[in-house]
Amino acid sequence: MSSQDVLRSASTLASYNVLLQVMFRVLTFLLNAFTLRFVSRELIGVVNVRLTLLYSTLVFLSREAFRRACLSGVSGTDHSWRQVINLLWLTLPLGVLWAALLVAVWLWLLEVPDPQTVPHYGPAVVMFALSGVQELLAEPLWVLAQAHMFVRLKVVAESLAMIAKCSITVVLVVFAREWGLYIFSAAHLVYTGFLVLCYAVYFIRFLGSEVAAKKDFPLQRVGDLLPCRAAGEPLVDWTLAKLTWSFFKQSFLKQILTEGERYVMTFLNVLSFGDQGVYDIVNNLGSMVARFVFLPIEESFYVFFAKVLERGRDVKSQKQEDIALAAEVLECLLKLVLVVGLIISVFGYAYSHLALDIYGGSLLSSGAGPTLLRCYSCYVLLLAVNGVTECFVFAAMSQQEVDKYNFVMLALSVSFLLLSYVLTWWAGSVGFILANCLNMGLRISHSVLYIRRCFGSTQWKPLRGLLPSPLLILALAVSALVTSLSEVVLCCDGGWLLRLVHIGVGALCLLTVCVAVLVTETRLIQFVRTQLLPKYRQKHT
């Protein structure tokens, strides 16, 4: 597959992932708004913070390192998929070990919620851990699908799973509210079960078919999906195994950085379960765009960079047409996430109070809620830039550089936990976001220095993507001033008419910013039209 073909496939994957994440976030958004009317803040806090942290920790530590190593192409085109499949099946026993350890910690070392307010905590912990182990059954199939760009499979599987989860949650919340945590545990088990079922059914039908033969798919029958030793070769690819170990050490630290505030809330008890529920709702609302736009782009273009770049080799010793393409894509991606992040920061400040009041009423719009969302709007900008820079860096680093970066991640993890604890006692839940901002800034600095060093002696300057045009900066500054004044004058106690006027002011300002982008960022617009919009690209190719 040529570099251009990989770019097309990665762009299609990013586009479908964005659409998928949009659907996920919209459904989750509506589901949270619905459940807020039926369950307590404490129950939401336990589910969205304590139990979700258990699940995310289990699956991330069990599979993330394997995913990055097996998709990186470190063994070149000669690697054996038989060995890759064998390596990927190690995620299952590793997941069982993590599940046993985490369940013990969650049941016997952490504070147990009041059973009158949050019933059935113990069984819920076991069920969430079981759902994580269940999802790992599909890991070899997921990596196969990603590596061969089966973009629609992921969309269909996760869409069906999310629809099933939401349906069960709504029905049980309405008709069996007394079940408490059983509602969300059962729904999560159904979600992971649907994922495994969809991937299994697809590959059972695909393997051995004419379509698989035409694509020259490396596996021929269903039995090839199971672990076994091939004659004349080791059980696993030891180069990939060593890289997996390097990524595993890094993933442990990355998980602390990603979910750091939840670990602090869970293990240090700095917030009550009710306050945790409010923080998590605001956090999910603030991160909606980051998750359904930036994360899919990061995941998809990591595949592109990993296939185009030769890990650990100097850019001058690689194919220059591939390096040119990688530099151009990196510059456009940086400009894209920068523009979107700046827009979110500017308009998020003036519309946080209104958004929370509409979404959750005074439960969210009073107290620290609006301040939390305003701070998160600024944090989204850092989150966006870091996602793209680390996406490139992790695809280009040698195994030795990955090992060295683990020490950087360790220092960042320790500093983040300390900052979170100190800033939370000083500024309440806002302290979590401030600590995230400081650590994200440090991670961006490291990645920018690596990229600059990588392309320093070449003609390509992808970091120019971090420089917005003067006209765009002016449009954003004027919009920030106008919308802030509009909030003071029109929002949010004067009734719906003034609220609508405030929304109209924001719409006009946003239109002005979009016009500035269209006029000044023509290269970015061309990249979005040709690489991130599948229908448009198909029409032009």
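Residues numbered from 1 in each chain as written. Predicted model: local features only at pLDDT ≥ 70, side-chain atom pairs only at ≥ 80, totals over all residues. Heavy atoms only, no water.

Trainee: What is the right way to look at the overall build of the protein in this model?
Mentor: Counting its regular elements, the protein contains 22 helices and zero strands. On C-alpha atoms alone, the protein measures out to a radius of gyration of 24 Å, which is about the 24 Å that the 2.2 N^0.38 rule sets for 541 residues. In terms of its C-alpha atoms, the protein occupies a principal-axis envelope of roughly 75 × 55 × 45 Å. Across the 541 residues of the protein, 57% fall into the buried class. (Helix = DSSP H or I, 4+ residues; strand = E, 2+ residues; numbered from the N terminus. Rg over C-alpha atoms; globule rule 2.2 N^0.38 Å. Buried < 20%, exposed > 50% of the residue type's maximum accessible area, 1.4 Å probe, protein only.)

Trainee: Please explain a nonpolar patch on the surface as it appears in this structure.
Mentor: Taken together, the side chains of Leu471, Leu474, Val478, Val482, Leu511, Val515, Leu518 and Val519 define a hydrophobic patch exposed on the protein surface, amounting to about 700 Å² of accessible area. Mapped by element, the contributors of at least two residues to the nonpolar patch are helix H19 (470–490) and helix H20 (496–520). Among the secondary structure elements, Leu471 is positioned in helix H19. (Patch = residues over 30% accessible without salt bridge, like charges linked within 9 Å, V, L, I, M, F, W, Y side chains within 5 Å. Areas by Shrake-Rupley, 256 points an atom, 1.4 Å probe, with all protein chains shown as cover. Salt bridge = Lys/Arg side-chain N within 4 Å of Asp/Glu carboxyl O.)

Trainee: How should I be thinking about the side chain of Arg82 in this particular structure?
Mentor: Here Arg82 lies in helix H3 (residues 81–88). Of the side chains with opposite charge, Asp224 lies nearest to the buried Arg82, which makes no salt bridge, at 4.4 Å. One polar contact links the side chain of Arg82 to the main-chain carbonyl oxygen of Asp224, over a distance of 2.8 Å. (Lys, Arg positive; Asp, Glu negative; His and termini not counted. Polar contact = N/O pair within 3.5 Å; in protein donor to acceptor, adjacent residues only side chain to side chain.)

Trainee: Where do I start with the packing of aromatic side chains in this structure?
Mentor: The geometry of an aromatic ring pair comes down to the distance between the two centres and the angle between the two planes. By the definition in use, this model includes 21 aromatic pairs. Both rings, one in Phe150 and one in Phe206, keep their centres 5.3 Å apart while their planes meet at 70°; by these two values the pair is edge-to-face. Here Phe150 is found in the loop between helix H6 (139–147) and helix H7 (151–175), whereas its partner Phe206 is found in helix H8 (residues 181–206), with 56 residues between them in sequence. For the residue pair Phe150 and Phe206, the accessibility class agrees, reading buried in each case. Taken together, a centroid distance of 6.1 Å and an interplanar angle of 80° make the contact between Phe301 and Phe304 edge-to-face. Taken as a pair, Phe301 and Phe304 lie in helix H13 (residues 288–308) at a separation of three residues, close to a single helical turn. Accessibility expressed as a relative area gives 0% for Phe301, which makes it buried. When its relative accessible area of 0% is taken as the criterion, Phe304 is described as buried. Through successive ring pairs, a cluster of aromatic residues spans Phe301, Phe304, Phe305, Phe392, Phe455 and Phe527. (Phe/Tyr/Trp six-rings, centres within 6.5 Å; stacked < 30°, edge-to-face > 60°.)

Trainee: Sorry if this is basic, but what is going on with the environment of Leu107 here?
Mentor: The residue Leu107 is located in helix H4 (residues 91–108) in this model. Here the alpha-carbon distance between Leu107 and Val125, two residues 18 residues apart in the chain, equals 7.5 Å. The residues touching Leu107, leaving out its near neighbours within four places in the chain, are Val112, Tyr121, Gly122 and Val125. (Contact = heavy atoms within 4.5 Å.)

Trainee: Help me out: how do you make sense of H20 in this one?
Mentor: Compared with an ideal rise of 1.5 Å per residue, which puts 25 residues at 36 Å, H20 spans 36 Å between its outermost C-alpha atoms and is within 8% of the ideal. Those residues of H20 that sit buried are Arg499, His502, Gly506, Cys509, Val513, Ala516 and Val517. (Expected span 1.5 Å × (residues − 1).)

Trainee: Teacher, can you tell me more about the environment of Ser345 here?
Mentor: Structurally, Ser345 is set in helix H14 (residues 320–360). Classification of Ser345 by relative accessible area gives buried; the value is 13%. Between the C-alpha atoms of Ser345 and Leu410, which are 65 residues apart in sequence, the distance is 29 Å.

Trainee: I keep staring at the pattern of salt bridges and nothing clicks. Help me out?
Mentor: Two side chains of opposite charge can pair, provided their charged atoms sit close to one another. In total, this model carries twelve salt bridges according to the counting rule given. When the shortest N-O distance is used, the salt bridge between Glu259 and Arg262 registers 3.6 Å. Note on accessibility: Glu259 and Arg262 belong to one class, buried. Across the pair Asp357 and Arg499 runs a salt bridge whose closest N-O atoms are separated by 2.4 Å. Of this pair, Asp357 sits in helix H14 while Arg499 is found in helix H20, placing the two residues 142 residues apart along the sequence.

Trainee: Quick question: what am I supposed to make of the packing of H14 against H19 here?
Mentor: Packed helix pairs are specified by the crossing angle of their axes together with the interaxial distance, meaning the distance between the axes. Between H14 and H19, the shortest axis-to-axis distance is 8 Å and the interhelical angle comes to 10°. Relative to H19, H14 is oriented roughly parallel. Contacts between H14 and H19 involve Val339, Leu342, Ile343, Val346, Phe347, Tyr349, Ala350, Tyr351 and His353 on the former and, on the latter, Leu472, Leu476, Ser479, Ala480, Thr483, Ser484 and Glu487. For the contact of H14 with H19, the class distribution of residues is eleven nonpolar, four polar and one charged. (Axes fitted to C-alpha atoms, helices over the stretch in contact; angles between N-to-C directions. Parallel < 35°, antiparallel > 145°, perpendicular 65-115°, else oblique. Nonpolar A, V, L, I, M, F, W, Y, C, P; charged D, E, K, R; others polar.)

Trainee: What's the story with helix H5 (residues 121–136) in this structure? I'm lost.
Mentor: In an α-helix, one turn spans 3.6 residues, which is why side chains three or four residues apart end up on the same side. Its 16 residues give H5 an end-to-end C-alpha distance of 23 Å, which sits within 8% of 22 Å, the value for a rise of 1.5 Å per residue. What H5 keeps buried is the set Tyr121, Ala124, Val125, Met127, Phe128, Ala129, Ser131, Gly132, Val133, Glu135 and Leu136. Contact partners of the buried residues in H5: helix H2 (41–71), H4, H6 and H8.

Trainee: Please clarify how the packing of H3 against H6 should be interpreted in this entry.
Mentor: One way to put it is that H3 packs onto H6 with a least axis distance of 9 Å and a crossing angle of 135°. Considering the angle they form, H3 stands oblique to H6. Residues Trp81, Ile85 and Leu88 of H3 pack against Pro140, Val143, Leu144 and Ala147 of H6. In the contact of H3 with H6, the residues fall into seven nonpolar, no polar and no charged.

Trainee: Help me understand the confidence of the model for the protein in this model?
Mentor: Fine structural detail should not be taken from predicted coordinates in areas where pLDDT scores are low. Averaged over every residue, the pLDDT of the protein is 83; residues scoring 70 or more account for 91%. Counted against residues more than four places away or in other chains, residues 535–541, with its pLDDT under 50, gives eight contacts. (pLDDT = per-residue confidence, 0-100.)

Trainee: Hey, could you run me through the nonpolar core in this one?
Mentor: Among soluble globular proteins, nonpolar side chains are generally buried collectively. Judged by nonpolar contacts, the single largest core of 175 residues is most densely connected at Phe203, Phe305 and Phe392. Element by element, the count of residues in this core is highest for H14, at 23 residues. Those residues within four positions of Phe305 in sequence are excluded, and the remaining contacts are Ala326, Val329, Leu330, Leu333, Cys391, Phe392 and Ala395. (Core = buried A, V, L, I, M, F, W, Y, C linked by side-chain atoms within 4.5 Å.)

Trainee: Would you explain the environment of Leu207 in this entry?
Mentor: If you trace the backbone, Leu207 turns up in the loop between H8 and helix H9 (210–214). Linking Leu207 and Leu43, residues 164 residues apart in sequence, is a C-alpha distance of 44 Å. Residues within four places of Leu207 in sequence aside, it is in contact with Phe217, Leu219, Gln220, Arg221, Val222 and Leu225.

Trainee: Explain unusual backbone geometry here, please?
Mentor: Peptide bonds are trans in most cases, and residues, glycine excluded, mostly fall at negative phi. Not every positive phi belongs to a glycine, and His120 is a case in point at roughly 65°. Take His120: its relative accessible area is 32%, and that puts it in the partly exposed class.

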